[in-house]
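The chain contents come next:
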Amino acid sequence: MGDREQLHELRQQAHNAGIEGNSKMTEQQLREALRRVGKGERPQMAKQEAKR
């Protein structure tokens, strides 16, 4: 899978997890936010923490 496809898949997963407005997040930020949501954190809090 190409990097572009992988990033698209991560963005889709983030969207499905409720992380809105993820288009400007990096791959690392997306992975961190998805990890936090998986542990039970609210999607928007996970997004904010991942962007720090």
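Note that the structure is predicted; figures quoted are calculated from it, not measured. (Residues numbered from 1 in each chain as written. Predicted model: local features only at pLDDT ≥ 70, side-chain atom pairs only at ≥ 80, totals over all residues. Heavy atoms only, no water.)

Trainee: What am I meant to see in the overall build of the chain here?
Mentor: The secondary structure content of the chain amounts to three helices and zero strands. For the chain, the succession of helices and strands along the chain, N to C, is α-α-α. Taken over the C-alpha trace, the chain has a radius of gyration of 10 Å; the compact-globule value for 52 residues is 10 Å, and the two agree within 12%. Long-range pairs, those at least 24 residues apart, make up 26% of the contacts in the chain between residues at least 6 apart in sequence. (Helix = DSSP H or I, 4+ residues; strand = E, 2+ residues; numbered from the N terminus. Rg over C-alpha atoms; globule rule 2.2 N^0.38 Å. Contact = heavy atoms within 4.5 Å.)

Trainee: Looking at this model, I keep getting lost on the packing of helix α1 (residues 3–16) against helix α2 (residues 27–38). Mind explaining?
Mentor: For the pair α1 and α2, the least separation of the axes is 10 Å and the interaxial angle reads 35°. Crossing geometry of α1 relative to α2 is assigned as left-handed. Of the residues in α2, those in contact with Q6, L7, L10, R11, Q13 and A14 of α1 are E27, L30, R31 and L34. Of the residues that constitute the contact of α1 with α2, the class distribution is five nonpolar, two polar and three charged. (Axes fitted to C-alpha atoms, helices over the stretch in contact; angles between N-to-C directions. Left-handed = near helix turned anticlockwise from the far one by under 90°. Nonpolar A, V, L, I, M, F, W, Y, C, P; charged D, E, K, R; others polar.)

Trainee: It is not clear to me how α1 should be interpreted in this structure. Could you clarify?
Mentor: It helps to recall that an α-helix has 3.6 residues per turn; residues three or four apart then point in one direction. For α1, built from 14 residues, the straight-helix expectation of 20 Å at 1.5 Å per residue is met to within 8% by its first-to-last C-alpha distance of 20 Å. One or two positions beyond α1, positive phi appears at G18, with a value near 95°. (Expected span 1.5 Å × (residues − 1).)

Trainee: Is there a simple way to explain the side chain of K47 in this structure?
Mentor: With respect to the helices and strands, the residue K47 is situated in helix α3 (residues 43–50). Buried charge without a salt bridge: K47, with E20 as the nearest opposite-charge side chain at an N-O distance of 8.1 Å. (Buried < 20%, exposed > 50% of the residue type's maximum accessible area, 1.4 Å probe, protein only. Lys, Arg positive; Asp, Glu negative; His and termini not counted. Salt bridge = Lys/Arg side-chain N within 4 Å of Asp/Glu carboxyl O.)

Trainee: How should I be thinking about α2 in this particular structure?
Mentor: With twelve residues, α2 should reach 16 Å at 1.5 Å per residue; the first-to-last C-alpha distance of 16 Å fits that figure. Within α2 the residues assigned to the buried category are Q29, L30, A33, L34 and V37. Buried residues of α2, viewed axially, fall in a sector of 130°; they line one side. Opposite the buried face of α2, by more than 90 degrees, sit the exposed residues Q28 and G38. For α2, the elements touching its buried residues are α1 and α3. Positive backbone phi, approximately 105°, marks G40, located one or two places after α2. (Arc of directions from axis to C-beta.)

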